[in-house]
Amino acid sequence: MSNSNYMYFVDFEKFGIRSDGTEARATTDGWIAALKEAVELGYHTVYVPEGLYLIDAVSTVGSLPEYGGGLMFPSNIEVIFHERALFMVAPNSSTGYACFNLENVENVTLRGGTIIGDRYEHDYVTDGVPDNRKTHEWGHGIHIRGCRNITVENATVMNCTGDNIWVPAKGMMNWEGSTYIPSEGITIRKCILIRGRRNNLATNGCLGMNVDDCDFIEAGGDTIGPAFGIDLEGFAENSIKYDHPYEINITNCRFKRNGKGALNINVTGKVHATNNFSDDVFSYGFSTDSTISNNTITNETGIDKPYGIDSIRKSSSETGNRTIITGNQIRGFATGICARGVGVIVSQNYLEDISSVGINPYLSEDVMVANNTINSDCLHVWVRNSVDVKVGNNKGKGAENYYGIKVEDSSDVVVNDNKHVAKGGIQVARSTNVRIKDNDLTLIGNGNGISWDKTSQVKLVKSNWISGAVAAAISGYADAYSTIISYNILEDCKYLIAIYLNGGAHHMLKGNDIMFRRGANGGYGVQLVNTTQARLISNDVRTMDGCTLHASYDSTGSTYTKYAYNTYIGKINLGQADTENYNTKLD
């Protein structure tokens, strides 16, 4: 085929290229020479016809065998591959290689074609190999190192011993004697990446990469890791960055059966993962300024998987994660979202078929969990070992065997305006400065509506609606801290006690509306034990089924309780030095 004014057609005979899967060295050298000539003659587009091209991908000139070998592409070229143009890595025993190699070039577009690595034919020899290279995890289908403005489109890359596509920087940041050149303006679009032994796609140093409408299938499957569909793997230590991918968009992709997860955003900045479909975990790792939004993350494999969205913590080199997780649909995991780190927003996500925990702020600080829906028999929200957390306007149902919300070993937590249908409502343990207000809790099991232990500081329990409690609707052991319990509506209480408060001093119970529907006589609206100087003001206790109570208020086990303006049925059982004023019996 003759050349046109726009398209360069390679003369196989002239360059010694074989299209029958033989003569790897001659074919590799021929392609390099042909691409070079095309650019020198002023052509910017080269056509590659159907054929099987065997490539010698191992470098003999670079400092590592993956540097400087394989089919080297020049700058300022577009290569269009026939859909049945197949490039195969010649089987080898090298610890690294690159079939297509782009190093320090710019303005290159590769469209179409298939690259097959030698994963299943490779000789993983270890004798005489340095310890840090014995894993043979550096064999790449496409290697883009220190380049600018590169596009890979409609390519299939599979079965490489390392990453199917690897996009590193050249050199390292903050390393004496090294010049850091990140790969910039990289686009990977409509590609299919299959069975990369290490990962399907990975980068440790880029500035601007768009990954769109690609398929990532079956990464890993060997003893080495990380085994992700996409691995964004920057590196920092002792607050110093050495490799750091920045400004990455991952959109409209599909992740299936990747060994250890779909997407790992680790020591990376400014990543948006949006509108993807996945059957496994997305993790924001140590990353900063990342957004995970509008993804469908669904485990339908029948294999127990721990997380839909996971994390690690704040990087030592950053002040916070500043991560937004929003609009995702997550189904079929043990934990839906584990939000670690500093500065995280988890909002408007829908979680279903979660078996353990819906949303788990853990080892976290400055976190908001808001406007999420959890439809599962699981603990809907678990705040654990965290500081400065707000849990608000979430909706959960189906937790027949779990509480709606738990707060444990945490401080400065606000739980407000949540609606949960669960075994129990809100449970607090070993936590301080917790405020619980305006929640709607429908209880379908034997848990308390709101409860806390004697080491916890629950400052405010206000304006909550608790329905159907078969244990105490509100139960607090308040030895160490005084509390305020005010304006709560406790409907259809079935237990003997609606509000139980044990220990401590100077508690305020005000404006609570307590309604029993036990179907039997007996019980107490409020019972105080081992308290002193508590105040009960403007509370109301009544039954809704005509049954009677032992007493509406009972403080016989406490001292110096003050009652004023309360309404009640039956009687008030006073303790030592208690006083009452302006209370009204309404039998």
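Going along each chain's sequence as written, the residues are numbered from 1 onward. Residues qualify for local features only when their pLDDT is at least 70, as the model is predicted, and side-chain atom pairs are given and counted only at 80 or more; totals for whole chains, interfaces and linings, by contrast, use all residues. The basis for every side-chain value is the complete set of heavy atoms in the structure, and neither hydrogens nor water enter the calculation.

Draft legend 1. Representation of the overall build of the protein within the structure. In terms of regular secondary structure, the protein is built from two helices and 61 strands. Its C-alpha atoms give the protein a radius of gyration of 32 Å, clearly above 25 Å, the size a compact globule of 587 residues would have. When its C-alpha atoms are laid out on the principal axes, the protein stretches across 110 × 45 × 45 Å. Only heavy atoms matter for contacts: two residues are in contact if any of them lie within 4.5 Å across the pair. Look at the contacts in the protein between residues 6 or more apart in sequence, and 60% of them connect residues 24 or more apart. Each accessible area is a Shrake-Rupley result for a 1.4 Å probe, and residues are judged covered by the shown protein chains and nothing else. Counting every atom, the protein has about 22,600 Å² of accessible surface; 47% of that belongs to carbon and sulfur. Across the protein, 51 positive and 65 negative side-chain charges occur, with their mean positions spaced 7 Å apart. Comment: elements are numbered from the N terminus, with helices defined as DSSP H or I runs of at least four residues and strands as E runs of at least two. Each radius of gyration is computed over the set of C-alpha atoms, and the globule rule expresses the reference value as 2.2 Å times the number of residues to the power 0.38. Charge assignment: positive for Lys and Arg, negative for Asp and Glu; neither His nor the chain ends contribute. Where a charge lies is defined by one atom per residue type: Lys uses NZ, Arg uses CZ, Asp uses CG and Glu uses CD.

Draft legend 2. Expanded view of a nonpolar patch on the surface. Judged by side-chain polarity, Ile324, Ile345 and Met368 come together as a nonpolar surface patch covering roughly 210 Å² of accessible area. For isoleucine 345, the location among the structural elements is in strand β33 (residues 335-347). When accessible area is computed with a 1.4 Å probe and restricted to protein chains, residues below 20% of their type maximum are described as buried, those above 50% as exposed, and intermediate ones as partly exposed. Overall, isoleucine 345 belongs to the partly exposed group, its relative accessible area being 33%. Patches in this entry comprise residues that are over 30% relatively accessible and not in a salt bridge; like charges within 9 Å are linked, as are nonpolar side chains (Val, Leu, Ile, Met, Phe, Trp, Tyr) within 5 Å. By salt bridge we mean one thing: a side-chain nitrogen of Lys or Arg within 4 Å of a carboxyl oxygen of Asp or Glu.

Draft legend 3. Structural detail: the pattern of salt bridges. Tallied over the entire structure, the rule returns 34 salt bridges. We note a salt bridge from arginine 18 to aspartate 20, for which the minimum N-O separation is 2.8 Å. According to the relative accessible area criterion, arginine 18 is partly exposed, its value standing at 35%. A residue is classified by how much of its surface remains accessible, and aspartate 20, at 42% relative accessible area, is partly exposed. For arginine 84, the salt bridge is made with glutamate 83, and the minimal N-O distance between the two is 3.3 Å. Relative accessible area serves as the criterion here: at 47%, arginine 84 is assigned to the partly exposed category. The network of salt bridges with common partners includes Glu78, Arg111, Glu153 and Arg189.

Draft legend 4. Structural context of the pairing of strand β8 (residues 106-111). Pairing between strands is defined by DSSP: at least two bridges between the two strands are required. As judged from the four bridges shared by strand β5 (residues 77-81) and β8, these two strands associate in the parallel manner. Within β8, the position partnered with isoleucine 77 by the bridge is valine 108.

Draft legend 5. Molecular detail of the packing of aromatic side chains. Between the rings of Phe, Tyr and Trp (Trp by its six-membered ring), a pair exists once the centres lie within 6.5 Å; its type follows the angle of the planes, with under 30 degrees stacked, over 60 edge-to-face, and the other angles tilted. Under the criterion given, the structure shown has 18 aromatic pairs. Aromatic side chains phenylalanine 12 and tyrosine 53 sit 5.9 Å apart centroid to centroid with 80 degrees between the ring planes, which places their arrangement in the edge-to-face category. Placement of the pair is phenylalanine 12 in helix α1 (residues 12-15) and tyrosine 53 in strand β3 (residues 51-55), with a sequence separation of 41 residues. Both residues of the pair, phenylalanine 12 and tyrosine 53, belong to the buried class.

Draft legend 6. Examining the nonpolar core more closely. Counting residues in each nonpolar core, the largest one holds 125 residues, and the members touching the most others are Trp31, Phe87, Phe100, Leu102 and Trp452. Ignoring sequence-local partners within four residues, the contact set of tryptophan 452 consists of Val428, Val458, Val461, Ile474, Ser475, Gly476, Tyr477, Ala478, Thr483, Ile485 and Leu501. Only buried Ala, Val, Leu, Ile, Met, Phe, Trp, Tyr and Cys residues count toward a nonpolar core, and they belong to the same one when joined by side-chain atoms within 4.5 Å.

Draft legend 7. Seen up close, unusual backbone geometry. At the junction of glycine 225 and proline 226, the peptide bond is cis and its omega measures out at 0 degrees in the coordinates. Looking at where proline 226 falls in the secondary structure, it is placed in the loop between β18 (215-217) and β19 (228-233). For asparagine 107, which is not glycine, the phi torsion reads 60 degrees and is therefore positive. In this structure asparagine 107 comes out as partly exposed when scored by relative accessible area, which is 31%.

Draft legend 8. View of a positive patch on the surface. A surface patch of positive charge is lined by Lys390, Arg435, Lys437, Lys459 and Lys462. Those elements that provide at least two residues to the positive patch are β42 (432-437) and β45 (458-462). Considering the arrangement of structural elements, one finds lysine 390 in strand β38 (residues 387-392). With a relative accessible area of 37%, lysine 390 lands in the partly exposed category.

Draft legend 9. Just a negative patch on the surface, in detail. Residues Glu365, Asp366, Asp388 and Asp412 make up a contiguous surface patch of negative charge. Its place among the elements puts aspartate 388 in strand β38.

Draft legend 10. Highlighting the side chain of asparagine 433. Looking at the secondary structure, you find asparagine 433 in strand β42. Classification of asparagine 433 by relative accessible area gives buried; the value is 14%. Engagement of the side chain of asparagine 433 in a polar contact is seen with the side chain of aspartate 412, the distance being 2.6 Å. Throughout this description, a polar contact denotes any pair of N or O atoms lying within 3.5 Å of each other; where both atoms belong to protein, one of them has to be capable of donating a hydrogen while the other can accept it, and for residues adjacent in sequence the pair is counted only when both atoms sit in side chains.

Draft legend 11. Structural detail: the environment of aspartate 11. If you trace the backbone, aspartate 11 turns up in the loop between β1 (7-9) and α1. Taking relative accessible area as the criterion, aspartate 11 reaches 39% and is therefore assigned partly exposed. C-alpha of aspartate 11 to C-alpha of tryptophan 31: the two residues are 20 residues apart in sequence and 10.0 Å apart in space. Separated by 3.1 Å, the side chain of aspartate 11 and the backbone nitrogen of glutamate 13 make a polar contact. From its side chain, aspartate 11 meets the backbone nitrogen of lysine 14 in a polar contact 3.1 Å long.

Draft legend 12. The environment of alanine 219, seen in detail. For alanine 219, the location among the structural elements is in the loop between β18 and β19. We classify alanine 219 as buried; its relative accessible area is 2%. Between the C-alpha atom of alanine 219 and that of asparagine 446, which follows or precedes it by 227 residues, the distance is 45 Å. If we skip the residues at most four places from it in the chain, alanine 219 touches Arg195, Gly196, Asn199, Asn200, Ala227, Phe228, Gly229, Arg257, Asn258 and Gly259.

Draft legend 13. Structural context of the environment of arginine 254. Locating arginine 254 in the fold gives a position in strand β23 (residues 254-256). In sequence terms arginine 254 and leucine 52 are 202 residues apart; their C-alpha atoms lie 28 Å from each other. Excluding residues that lie within four positions of it along the chain, arginine 254 makes contacts with Asp213, Cys214, Asp215, Phe216 and Phe277.

Draft legend 14. Quick peek at the state of the cysteines. Note on terminology: pairs of cysteine sulfur atoms within 2.5 Å are recorded as disulfides. Under the definition given, this model contains zero disulfides. Between cysteine 147, a free cysteine, and cysteine 206, which holds the nearest cysteine sulfur, the sulfur-to-sulfur gap is 12 Å. Of all cysteine sulfurs in the structure, the one in cysteine 378 sits closest to cysteine 338, which takes part in no disulfide; the separation is 14 Å.

Draft legend 15. Up close: the pairing of strand β49 (residues 489-493). When strand β46 (residues 465-467) meets β49, the two strands line up parallel, connected through three bridges. Within β49, the position partnered with isoleucine 466 by the bridge is leucine 490. Bridge count for β49 against strand β52 (residues 513-516) is three bridges, and the pairing is parallel. Bridge pairing links isoleucine 489 to aspartate 513 in β52.

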